[in-house]
Amino acid sequence: MGPRVRVMARVAMRRRARPAAAAAVVLALLLPGALPRPAAAHDIPDEVIIPVFVREEDGRLQLLARVPLLLLLSLNVPKWGAGYIDLERADPVLRRAGEAFAREAPLFAPDGTLLPPALEAFRVALPWDRSFDSFDNAHAAVAEEPLAPDTQVFWNQGFLDLHLSYPAPAAGSVSIECNVAPGFGDRVALDVIYQTPDDDVGAWEENLFHISVREGRVVLDPSPWQAVGVFTRSGVEHILTGWDHLLFLLCLIAPFGRLASLRHLLIMVTGFTVAHSVTLVSAALGHAPEAIWFVPLVEAVVALSIIYTAVENLFGASVRRRVVLAFGFGLFHGFGFAFALGESLSFAGDHIPLALFSFNLGVELGQAMVVIAVLPLLHLAGGNDRARLLVNGLLSVVAGHAAWHLFEPRFSELSRAWIISGGAPPSISWVLWPVAVLGAAGWLVLARRRRRSKPPAAAGSPLRDC
């Protein structure tokens, strides 16, 4: 097994825990006491996982899916008694449900055309049925005789197992979308296990994809160029929509808004880039602490980095100190990028190193777009030292205020994780008082400097470029 396959195996093991967890949620909600009861709004879990297998056999793509019956709410499945499915009269409705699934989770040919589905078989499965642990077991289960008509299956406590087949394209990779049960929004997701033959070991190699409506159309076996395009775009979108990273970048460059400071900006941004690239790749490959408090710690430190940088802007930002600051906090921002990437890394197929490089390239492109767009505005707004002082102060105060509102819930989440892991709960006053003292001292220093007769640059401006 090569290194890329081992990485994918680790990703798949972590991702397979999600269907099990979701199934546990469904069973915990629906099975206690095994007594029929009317459905209520709280019977719908936060995320409904549909396990799906896709494999090419005999010149056709074979798709097996297990759809929770609770998603058939709008189809009015025939019932009897206290809400049991009337298995004698349910076949037409269940067939329509299978056809609806084929429309809402379509497969596409490499050229984007829709592959026509054929519903080969369907059956109702009991809630405790565990046959969808592999393609072969699932295929055998769907082909079995249907349940006896007098079997008591409450209308939202079992599964509808489906077997669909599609014509296999001669070349290229197929893709899939998830628009299942639109009324549930993005709470419905497909866990697609796409199997391809591995001739070296004479077995099937599996790639797992967790797909909701947010991901759009996903290629199940992407080519290298497709992986580059998808992950580069993802990196650009993440930096442009990640407000915490954007605020830190703005605070980082705010004191150096003159075009003459391009060299200083390049040094700082390079330090930030190198740092977050190291931790991004390391964490995405699984080399990051797995403690329950680590993710909230990183998110809290990312918010704190904005607060600290905003306060330092009011005191005086030197290039030497700012390079160290950009590198140190960049390590934590890299972990944040990796957390965002982790959900979609499986979309890379066999091209994980290329996907990591492309995502990081996208982040850098988005970062460069922000700097190129903001720098001329800062240069025009800060025509003299006093104007630069005002613009820098305004940006820093606004960014610091926004970051504090990001920090509070993240710190609360860190406290909960710390308690769960057995530690004493930290207090937010650990951060509140130092920040308040530093902020008050900074404004006193600024007020004193404004009273000086000399321009801020001559008197030791807080906006030092070196």
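Described in the following lines is the structure provided in the data block. The shown structure was predicted, so the numbers you read here are calculated from the model rather than taken from an experiment. (Residues numbered from 1 in each chain as written. Predicted model: local features only at pLDDT ≥ 70, side-chain atom pairs only at ≥ 80, totals over all residues. Heavy atoms only, no water.)

### Quick notes on the pairing of strand E7 (residues 159–167)
And step 1. In terms of burial, E7 is a largely internal element, eight of the nine residues being buried.
And step 2. Across nine bridges, strand E2 (residues 60–68) lies against E7 in antiparallel orientation. Directly across from Ala65, in E7, lies its bridge partner Leu162. (Buried < 20%, exposed > 50% of the residue type's maximum accessible area, 1.4 Å probe, protein only. Helix = DSSP H or I, 4+ residues; strand = E, 2+ residues; numbered from the N terminus. Pairing = 2+ DSSP bridges.)

### Looking at a nonpolar patch on the surface
And step 1. Together, Val274, Val278 and Phe327 make up a nonpolar patch on the protein surface, roughly 250 Å² of accessible area in all.
And step 2. Mapped onto the elements of the fold, Phe327 is located in helix H8 (residues 319–342).
And step 3. With a relative accessible area of 39%, Phe327 lands in the partly exposed category. (Patch = residues over 30% accessible without salt bridge, like charges linked within 9 Å, V, L, I, M, F, W, Y side chains within 5 Å. Areas by Shrake-Rupley, 256 points an atom, 1.4 Å probe, with all protein chains shown as cover. Salt bridge = Lys/Arg side-chain N within 4 Å of Asp/Glu carboxyl O.)

### Concerning the packing of aromatic side chains
And step 1. Applying the stated criterion to the full structure yields 12 aromatic pairs.
And step 2. Considering the side-chain rings of Phe294 and Phe335, the 5.0 Å spacing of their centres and the 85° angle between planes classify their relative orientation as edge-to-face. Taken together, the residues Phe294 in helix H7 (residues 294–315) and Phe335 in helix H8 connect sequence positions 41 residues apart.
And step 3. On the basis of an interplanar angle of 35° and a centroid distance of 5.5 Å, the ring pair of Trp404 and Phe407 is categorised as tilted. One end of the pair, Trp404, and the other, Phe407, are both in helix H10 (residues 385–420), three residues apart, so they sit about a helical turn from each other.
And step 4. Residue class for Trp404 comes out buried when judged on its relative accessible area of 19%.
And step 5. Residue placement shows Lys79 over the ring face of Trp155; its charged tip is 5.7 Å from the ring centre.
And step 6. Between Arg217 and the ring centre of Phe108, over which it is positioned, the NZ or CZ distance is 3.5 Å. (Phe/Tyr/Trp six-rings, centres within 6.5 Å; stacked < 30°, edge-to-face > 60°. Lys NZ or Arg CZ within 6 Å of the ring centre and 35° of its normal.)

### Side note on the sheet that holds strand E8 (residues 175–176)
And step 1. Read across the sheet, three strands follow the order E5-E8-E11 without closing on themselves; strand pairing throughout is antiparallel. With partners counted over all chains shown, the strands left at the sheet margins are strand E5 (107–108) and strand E11 (218–219), one partner each.
And step 2. As defined by bridge partners, E8 adjoins E11 across two bridges and the pair is classed as antiparallel. The partner of Ser175 across the bridge, within E11, is Val219.

In short, shape yes, function no, at least from these values alone.
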